[in-house]
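Structure at a glance
The lines below spell out each chain.
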Amino acid sequence: MKMGKQLFFILVCALLAIQSSANQTINTVSYLIIDYSTTFQNNDDPTASSIFEKALAYYNKKDYVHALPLFKQAGEKGHAESLYYVGMMYFYGKGVSDPDDHSISTKWYKRAAEKGHPLAQCCLSEAYMNGYGIPKDELEGFRWLEKAAEQGVPSAQSIVSHVYYHGEHGLPKDIFKAIKYGKAAAEQGESYAKSILKNIYDDYGDELVAIESYSHIKDPKKNPMSPGNSFVKALKHFQEKEYREAIKYFRISAVQGDISALFNLGQIYYHGYGVPKDYLAAFQCYINAAKLGDPKSQYLIGYMYYDGIGIENNFEEASKWFIKSASQNYPKAQYYLGNMYSDGKGVVKDLNLAYKYLQQASESNDEISKDAELALLFLISTTLNDTIK
């Protein structure tokens, strides 16, 4: 059955405010209420559709006591719109005795969302983002919001664009996905999406124009603006101390998600090669590479949090990034993590883990190995003295 157009009020989940590279703070409200008209195709039998129509008639008369069991009956027959309505009624406490139990509303939203209902996907996203009757999981919440965006919900498209532009919820920045969803939302009149697109082109306009000008060359080996080729150009300019040109090509490569370009660009800003030192810009480059799995960048993010370089000191955040890096056998991260577990700094004190990480660092070929060896000996001697006492 194809539903006629209806007006829905979508509650879209809270997203974090973040400081953009242009030093402007973009905030999204806790609940973004949007008018959205949709047609949704229910794959169900005529009986379910007939029951739904009866339920909807009761619902529109605010006779929730009679509407709810009929929505449930149609929902059990696979009618996605009915499943969504049941979830909504439980969430808002319409005709139910336990309105505060969000685990029930979330269960029904999930059933509708799994059948492809876009508004249920938005509501399930909200449930994951806020822990409504389900363990809080921001990344899973975002995944459901992206599914709704793929189905054309403009508010979802705007927020997904925002997330990819800023690299939130543990995701790396993806400028091209940000543009894709931003354009889709802007075409439906979303003003926020238009502002995101403006920010993107203000920040990356030159790089995007350069990439687009060679987009007709599909072979990355022949395309001078491909991530690999632009990185090689950048490296050559860097070695010749032509830093402005190096930055230009590193940025072209980085905007396409090249990890090495992101790391090297971070190094330029951190050390001030040809430009004033800019720790915040370095941090933004490192963290994107870190989210893409680069162990050296993960260590550097941990180090910047540890020492409060360009950002506020935060031992707990430092330990998280050191753990990610150490799990990939990066010796400097292992050394710092060993000391943190030894002292209980940012982590629960654990001498066994301290020993483990310091030993790993001491056995490496890295320059930090000698410091790790000394720290390990000190840890052993301290532990022995405490045992003797």
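Predicted model only: the values in this text are computed from it and were never measured.

1. Points about the overall build of the chain
- If you tally the helices and strands in the chain, you get 18 helices and four strands.
- Taken across its 389 residues, the chain has 51% of its residues classed as buried.
- For the chain, long-range pairs separated by at least 24 residues make up 52% of all intrachain contacts whose partners lie at least 6 apart in sequence.
- For the chain, the computed accessible surface area is about 19,000 Å², with 51% contributed by carbon and sulfur atoms.

2. Some words on a nonpolar patch on the surface
- A grouping of Tyr355, Leu374, Leu377 and Ile380 is seen on the molecular surface, where their side chains present a nonpolar patch of about 370 Å² in accessible area.
- No other element matches the three residues that helix H18 (residues 369–388) contributes to the nonpolar patch.
- For tyrosine 355, the position within the fold is in helix H17 (residues 351–362).
- Residue class for tyrosine 355 comes out partly exposed when judged on its relative accessible area of 35%.

3. Side note on the packing of helix H7 (residues 154–166) against helix H8 (residues 175–186)
- Where H7 contacts H8, the two axes come as close as 8 Å, and the packing angle between them is 160°. Taken together, the axes of H7 and H8 lie roughly antiparallel to each other. The chirality of how H7 crosses H8 is left-handed. On H8, the residues touching Pro154, Gln157, Ser158, Val160, Ser161, Tyr164 and Tyr165 of H7 are Ile175, Lys177, Ala178, Tyr181, Gly182, Ala184 and Ala185.
- Here the residues of the contact of H7 with H8 sort into nine nonpolar, four polar and one charged.

4. Observations concerning the packing of aromatic side chains
- Here the structure, examined in full by the defined rule, presents 32 aromatic pairs.
- The interplanar angle of 65° and the centroid separation of 5.5 Å between the aromatic rings of phenylalanine 238 and tyrosine 243 together place this pair among those described as edge-to-face.
- Classification of phenylalanine 238 by relative accessible area gives partly exposed; the value is 24%.
- On the basis of relative accessible area, tyrosine 243 is assigned to the buried category, the value being 18%.
- Of note, lysine 324 hangs over the ring of tryptophan 321, and the distance from its end group to the ring centre comes to 5.5 Å.

5. Overview of the environment of phenylalanine 71
- Mapped onto the elements of the fold, phenylalanine 71 is located in helix H2 (residues 64–76).
- C-alpha of phenylalanine 71 to C-alpha of tyrosine 85: the two residues are 14 residues apart in sequence and 6.9 Å apart in space.

6. Some details on the pattern of salt bridges
- In this structure the tally under the stated criterion is seven salt bridges.
- Lysine 332 is paired through a salt bridge with aspartate 366; the nearest N and O atoms lie 3.1 Å apart. Taken as a pair, lysine 332 in helix H16 (residues 331–343) and aspartate 366 in the loop between H17 and H18 lie far apart in primary sequence, 34 residues in all.
- Each of Lys332, Asp366 and Glu367 takes part in one network of salt bridges that share partners.

7. Things to note about the packing of helix H1 (residues 46–60) against helix H3 (residues 80–92)
- Close contact between H1 and H3 brings their axes to 11 Å; oriented N to C, the two are set at 30°. Overall, the two elements H1 and H3 adopt an arrangement that is roughly parallel. For the pair H1 and H3, the sense of crossing is left-handed. Taken together, the residues of H3 that come into contact with H1 (itself represented by Phe52, Leu56 and Tyr59) are Glu81, Ser82, Tyr85, Met88 and Met89.

8. Brief notes about the nonpolar core
- Residues Ile200 and Phe322 are the most contacted members of the largest nonpolar core, which totals 84 residues.
- Ignoring any residue separated from it by four or fewer positions in sequence, one finds isoleucine 200 in contact with Tyr165, Ile175, Ala178, Ile179, Gly205 and Leu208.
- Listed in part, the 34 residues of the second largest apolar core include Tyr59, Met88, Ala112 and Trp144.

9. Thoughts on unusual backbone geometry
- The phi torsion at lysine 62 lies on the positive side, around 65°, for a residue other than glycine.
- Here lysine 62 is to be found in the loop between H1 and H2.

10. Overview of helix H10 (residues 227–239)
- Taking 1.5 Å of rise per residue, the 13 residues of H10 would be expected to cover 18 Å, and the 18 Å separating its terminal C-alpha atoms lies within 8% of that figure.
- Those residues of H10 lying buried are Ser230, Phe231, Ala234 and His237. Buried positions in H10, seen along its axis, are confined to an arc of 125° and lie on one side of it. Among the exposed residues of H10, those oriented more than 90 degrees off its buried face are Val232, Lys236 and Gln239.
- Looking at the packing, one finds that the buried side of H10 touches helix H11 (243–254) and helix H12 (259–271).

11. As for the side chain of aspartate 366
- Within polar-contact distance, the side chain of aspartate 366 engages the side chain of lysine 332 at 3.1 Å.
- Leave out the neighbours within four places in its chain, and aspartate 366 touches Pro331 and Lys332.

12. Side note on helix H6 (residues 138–150)
- Taking 1.5 Å per residue, 13 residues should reach 18 Å; H6 reaches 18 Å between its end C-alpha atoms and fits that length.
- Of the residues making up H6, those classed as buried are Gly141, Phe142, Trp144, Leu145, Glu146, Ala148 and Ala149.
- A distance of 3.3 Å separates the backbone nitrogen of leucine 139 from a side-chain oxygen at the start of H6, and that oxygen is part of aspartate 137.

13. What to know about the environment of histidine 102
- Among the structural elements, histidine 102 can be located in helix H4 (residues 102–114).
- Exposure remark for histidine 102: the relative accessible area of 21% places this residue in the partly exposed category.
- Spatially, the C-alpha atom of histidine 102 lies 5.4 Å from that of tyrosine 132, the residues being 30 residues apart in sequence.
- Not counting residues up to four positions away in its chain, the partners in contact with histidine 102 are Phe91, Tyr132 and Gly133.

Scoring rules and cut-offs
- Residues numbered from 1 in each chain as written.
- Predicted model: local features only at pLDDT ≥ 70, side-chain atom pairs only at ≥ 80, totals over all residues.
- Heavy atoms only, no water.
- Helix = DSSP H or I, 4+ residues; strand = E, 2+ residues; numbered from the N terminus.
- Buried < 20%, exposed > 50% of the residue type's maximum accessible area, 1.4 Å probe, protein only.
- Contact = heavy atoms within 4.5 Å.
- Areas by Shrake-Rupley, 256 points an atom, 1.4 Å probe, with all protein chains shown as cover.
- Patch = residues over 30% accessible without salt bridge, like charges linked within 9 Å, V, L, I, M, F, W, Y side chains within 5 Å.
- Salt bridge = Lys/Arg side-chain N within 4 Å of Asp/Glu carboxyl O.
- Axes fitted to C-alpha atoms, helices over the stretch in contact; angles between N-to-C directions.
- Parallel < 35°, antiparallel > 145°, perpendicular 65-115°, else oblique.
- Left-handed = near helix turned anticlockwise from the far one by under 90°.
- Nonpolar A, V, L, I, M, F, W, Y, C, P; charged D, E, K, R; others polar.
- Phe/Tyr/Trp six-rings, centres within 6.5 Å; stacked < 30°, edge-to-face > 60°.
- Lys NZ or Arg CZ within 6 Å of the ring centre and 35° of its normal.
- Core = buried A, V, L, I, M, F, W, Y, C linked by side-chain atoms within 4.5 Å.
- Expected span 1.5 Å × (residues − 1).
- Arc of directions from axis to C-beta.
- Polar contact = N/O pair within 3.5 Å; in protein donor to acceptor, adjacent residues only side chain to side chain.

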